[in-house]
Amino acid sequence: MNSNPNDPDLETWVDIPGNTDFPIQNLPFGISSRVGDDKPFAASRIGDQVIDLARLAELGGFSGIDLPGDIFTQKDLNAFMALGNGITRAVRQRLSEILRKQHTEHPMRALAGQWLLDLSATRQLLPVSIGDYTDFYSSLEHATNVGTMFRDPTNPLLPNWKHIPVGYHGRSSSIRVSGHAFHRPHGQLKPQEGDPEYGPSKMVDFELEVGFILGQSTEMGEQIPASRAEEYIFGLVLFNDWSARDIQKWEYVPLGPFLGKNFASTMSPWIVTMDALEPYRTQGPVQDPPVLPYLQTEGAHTYDIDLEVLIQPFDGAPSRVCRSNFKYLYWNMCQQLAHHTVNGCNMEVGDLCASGTISGPTPDSFGSMLELCWGGTRFVTLSDGSERKSIQDGDTVILRGICQNGVTRIGFGDCVATLLPAKS
Ligand code: CA
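Model, not experiment: these values are computed from the prediction.

Engineer: Is there a simple way to think about the coordination of the calcium ion in this case?
Structural biologist: Four donors placed tetrahedrally around a metal ideally meet at 109.5 degrees, and six donors placed octahedrally ideally meet at 90 or 180 degrees. The coordination sphere of the calcium ion, as far as protein atoms go, consists of Asp135 (OD), Glu207 (OE), Glu209 (OE) and Asp241 (OD), spread over 2.2 to 2.3 Å. Each donor residue of the calcium ion belongs to the same chain, and together they define the spacing D-x71-E-x1-E-x31-D. Exposure class is identical for Glu207 and Glu209. Each is buried.

Shown next as structure tokens:
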């Protein structure tokens, strides 16, 4: 028996679509409920089926793995993640064994009607309780674009940028799971000429980001070395860090983003584990000048994740406006986490760290409307012929992330949210 859940040759007896983000090699974790029943349960996903881990545990599916009895009936995955990689890895491994095509005699297979649910019969909830949310600014292309537009085209990066994984503390209360809608935010806007005004933002934007979820906590005063940082990360999600550019532009000096950022962020529902991402590990960009020793990492510490953004007008078809890749990021997650804790800042299980907007080298790979429309000097044209410089009322923004290495393909599922008109 092959015990590697990432083995490209594995097939499942579950009927799954050919191009699914969730083949047997993925097996992410989330929190779901049944339609018409608010009771949350920990879940995984294969194809268009949701696996009720709580029911599977009741039936004895995880026998031999040291799990607390209530671990899969909580409202979040925090306690499960805190059990550590040894346990969470064993659970994913067991799921893989139960779902394998050749395991025709597995006792759980005959009971599948009790723990395998159609996606349409479930709702996905926020998978973790996020205590703190940190947003980095780790894309060289994004930072260069923003610096070129707003500061100095000849010297776009601030002097610290290649020495520090720049970040700030965001707000976790307004992070919602994919599928939500929110109203266009109000705030202070400063016209080119004249006094500031109050009103709805005219420049709502998306930010294409990937977030990582902390699976282990640290004590105050403790530093996470870059070389061991991956042990603290449970997995990754797609993340749209919605931004109101006009509010942001007026407020951000001197302390940085505030109301232009904290009105809404959207997260994909399935946490793709670091284990599932292993086959897509790759080398990040060369860092020049060399970074300080506490930020140095050896080997490959990023992942080849194709990313895209689509805008879908109300009653219209989605148009792709951007293709980027996680591997473009200048700073990797190990460096971000080492830097975050170098001063002794403690991390908690369930904390979310987002990458910052992930832009690539070409104009079609820019991860925000700000950059795609180059500060409002050009339009993005959608497939229905309509033009955008920012997100319009009724627009739905969809982020997608796919890993493919020519042998296997896994994905994150959609990260979707809709912008509603401002409240009157
Ligand atoms: Ca951001």
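Engineer: Is there a simple way to think about the nonpolar core in this case?
Structural biologist: Side chains of a nonpolar character, in soluble globular proteins, are inclined to be buried together. Leu236, Leu277 and Phe326 are the most contacted members of the largest nonpolar core, which totals 55 residues. Here this core gets 4 residues from one element, more than from any other, and that element is strand E13 (residues 208-214). Setting aside its immediate chain neighbours within four residues, Leu277 contacts Leu236, Val272, Tyr303, Ile305, Cys403, Ile410 and Phe412. Membership of the second largest hydrophobic core comes to 50 residues, among which are Leu10, Ala43, Val91 and Ala112.

Engineer: Sorry if this is basic, but what is going on with the layout of surface pockets here?
Structural biologist: Rolling a probe over the atoms, with the probe sized like a water molecule, indicates the empty space that remains. In this structure, the largest pocket occupies an estimated 1,400 Å³ of space. Taken together, 47 residues make up the lining of the largest pocket; nearest its centre are Val146, Phe150, Gln248, Lys249 and Tyr252. Going through the elements one at a time, strand E6 (133-136), helix H5 (140-150), strand E7 (167-169), helix H6 (245-251) and helix H9 (369-372) are the ones with two or more residues in the lining of the largest pocket. Residue composition of the lining of the largest pocket, by class: 23 nonpolar, 11 polar and 13 charged. Here the second largest pocket is characterised by a volume of approximately 320 Å³. Looking at the lining of the second largest pocket residue by residue, the classes come out as 7 nonpolar, 11 polar and no charged.

Engineer: Please explain the state of the cysteines as it appears in this structure.
Structural biologist: Under the counting rule described, the total for this entry stands at 0 disulfides. Summary of cysteine pairing: Cys322 is not part of a disulfide, and the nearest cysteine sulfur, belonging to Cys373, is at 12 Å. On the basis of relative accessible area, Cys322 is assigned to the buried category, the value being 2%. For the unlinked cysteine Cys403, the closest cysteine sulfur is that of Cys415, found at 15 Å.

Engineer: Which parts of the structure should I look at to understand the packing of aromatic side chains?
Structural biologist: Describing an aromatic ring pair means giving the distance of the ring centres and the angle of the ring planes. By the definition in use, this model includes 13 aromatic pairs. Judged by centre distance (5.4 Å) and plane angle (55°), the rings of Phe72 and Phe80 are tilted. Judged on exposure class, the residue Phe72 and its partner Phe80 are both buried. Judged by centre distance (6.1 Å) and plane angle (35°), the rings of Phe366 and Trp374 are tilted. Overall, Phe366 belongs to the buried group, its relative accessible area being 7%. Put simply, the rings of Phe29, Phe62, Phe72, Phe80 and Phe234 touch in pairs and so form one group of aromatic residues. Just above the ring of Trp250 sits the side chain of Lys190; from NZ or CZ to the centre is 6.0 Å. We note Lys389 situated over the ring of Phe379; from NZ or CZ to the ring centre the distance is 4.6 Å.

Engineer: Got a minute to help me understand unusual backbone geometry in this structure?
Structural biologist: A cis amide bond, omega 5°, links Val253 with the succeeding residue Pro254. Geometrically, the link from Asp288 to Pro289 is a cis peptide bond, its omega value of 5° lying close to zero. As for its placement among the helices and strands, Pro289 is situated in the loop between strand E18 (281-282) and strand E19 (302-303). Of note, the phi angle at Leu27 is positive, near 50°, even though the residue is not glycine. With respect to the helices, strands and loops of the structure, Leu27 is situated in the segment before strand E1 (30-34). Given the relative accessible area of 0%, Leu27 is considered buried. Even without a glycine there, the phi angle at Asp315 is positive, about 65°. The topology assignment puts Asp315 in the loop between strand E20 (306-312) and strand E21 (319-325). When its relative accessible area of 75% is taken as the criterion, Asp315 is described as exposed.

Engineer: What should I look at first to understand the sheet that holds strand E2 (residues 41-46) in this one?
Structural biologist: Within a sheet, adjacent strands bond to each other through the backbone by hydrogen bonds, running parallel or antiparallel. Spatially, the 5 strands line up as an open sheet ordered E4-E3-E2-E1-E5, and their pairing is antiparallel. In this open sheet, the two edge strands, each paired with only one partner strand, are strand E4 (116-118) and strand E5 (122-125). With direction set aside, neighbouring strand axes in the sheet form an average angle of 45°. Bridge count between E1 and E2: 3 bridges; the pairing is antiparallel. Following the sheet pairing, Ile31 is matched in E2 by Ala42.

Rules used throughout
Residues numbered from 1 in each chain as written. Predicted model: local features only at pLDDT ≥ 70, side-chain atom pairs only at ≥ 80, totals over all residues. Heavy atoms only, no water. Donors = N, O, S within 2.8 Å, 3.2 Å for Na, K, Ca; no water. Buried < 20%, exposed > 50% of the residue type's maximum accessible area, 1.4 Å probe, protein only. Core = buried A, V, L, I, M, F, W, Y, C linked by side-chain atoms within 4.5 Å. Helix = DSSP H or I, 4+ residues; strand = E, 2+ residues; numbered from the N terminus. Contact = heavy atoms within 4.5 Å. 1 Å grid on protein atoms, 1.4 Å probe; cavity = no way out; pocket = protein on both sides within 12 Å on 5 of 7 lines; lining within 4 Å. Points joined across faces, edges and corners; volume = space filled by probe spheres on them. Nonpolar A, V, L, I, M, F, W, Y, C, P; charged D, E, K, R; others polar. Disulfide = S-S within 2.5 Å. Phe/Tyr/Trp six-rings, centres within 6.5 Å; stacked < 30°, edge-to-face > 60°. Lys NZ or Arg CZ within 6 Å of the ring centre and 35° of its normal. Pairing = 2+ DSSP bridges. Axes fitted to C-alpha atoms, helices over the stretch in contact; angles between N-to-C directions.

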